[in-house]
Amino acid sequence: MKLLTAVAALGLIAAPAFAEGDADKGEKGFNKCKSCHMVVSDSGDVIVKGGKTGPNLWGVVGRTAGTYEGYKYGKDMVAAGEAGLAWDEASFTAYTADPKAFLRDTLGDKKAKSKMSFRLKKGAEDIYAFLALHGPADAAETEAETTTEETATN
């Protein structure tokens, strides 16, 4: 369990920097996800309009599993988050390939269930790279770059 927590903490620090997929391909690949998920910033900017069956994926990179405010997660996803699971590329790709098996392995509970039944056969690393571009850290970086550019031109 301590190893899982350490890996999750390291993932929080390094996740956006090490996304190895192709974000442009991931944006197209997200079409498979948007029937259930949306990407809407904290300020309400709609990146991808989508469904509400699943949680908003804005800022999912590095987020502790089962913690998006206002979404009712299944008990096993909440338990995974409480055990230290935070979304990095490896956990995201494994989860999207087989959500139920991932939770069973992560929790060591052969009865664990996931509310997500869809399995992503390929392209998860690209979707992760796309999502790594859309979160609070990215918004702060973009705002800082804009401020720097405005200062430089004035």
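Residues numbered from 1 in each chain as written. Predicted model: local features only at pLDDT ≥ 70, side-chain atom pairs only at ≥ 80, totals over all residues. Heavy atoms only, no water.

Student: Hey, could you run me through the confidence of the model for the chain in this one?
Tutor: Low pLDDT marks regions whose predicted coordinates should not be analysed in detail. When pLDDT is averaged along the chain, the result is 84, and 76% of the positions lie at 70 or above. Confidence over residues 139-154 falls short of pLDDT 50; this stretch has 1 contact with residues more than four positions distant or in other chains. (pLDDT = per-residue confidence, 0-100. Contact = heavy atoms within 4.5 Å.)

Student: What exactly am I supposed to notice about the pattern of salt bridges here?
Tutor: Close approach of charged atoms allows side chains of opposite charge to pair. Scanning all chains against the criterion turns up 2 salt bridges. Salt-bridge contacts for lysine 75 lead to aspartate 76; the nearest nitrogen and oxygen are separated by 3.6 Å. Relative accessible area serves as the criterion here: at 67%, lysine 75 is assigned to the exposed category. (Salt bridge = Lys/Arg side-chain N within 4 Å of Asp/Glu carboxyl O. Buried < 20%, exposed > 50% of the residue type's maximum accessible area, 1.4 Å probe, protein only.)

Student: What should I look at first to understand helix α6 (residues 124-132) in this one?
Tutor: One full turn of an α-helix is made of 3.6 residues, so residues set three or four places apart face in the same direction. Here α6 lies mainly inside the structure; 8 of its 9 residues are buried. Within α6, burial applies to Ala124, Asp126, Ile127, Tyr128, Ala129, Phe130, Leu131 and Ala132. (Helix = DSSP H or I, 4+ residues; strand = E, 2+ residues; numbered from the N terminus.)

Student: Just to check I follow, could you spell out helix α5 (residues 99-107) for this structure?
Tutor: For α5, every residue scored as buried is listed here: Pro99, Phe102, Leu103 and Thr106. What you see down the axis of α5 is that its buried residues fit within an arc of 95 degrees, all on one side. Among the residues trailing α5, glycine 108 stands out with phi positive, at a value near 65 degrees. (Arc of directions from axis to C-beta.)

Student: Would you mind going over the side chain of serine 114 with me for this structure?
Tutor: By the secondary structure assignment, serine 114 is in the loop between α5 and α6. Only 2.7 Å separates the side chain of serine 114 from the side chain of tyrosine 95, close enough to count as a polar contact. Among the polar contacts made by the side chain of serine 114, one reaches the main-chain amide nitrogen of methionine 116 at a distance of 3.0 Å. Once residues within four sequence positions are removed from consideration, serine 114 is found in contact with Tyr95, Pro99, Lys100 and Leu103. (Polar contact = N/O pair within 3.5 Å; in protein donor to acceptor, adjacent residues only side chain to side chain.)

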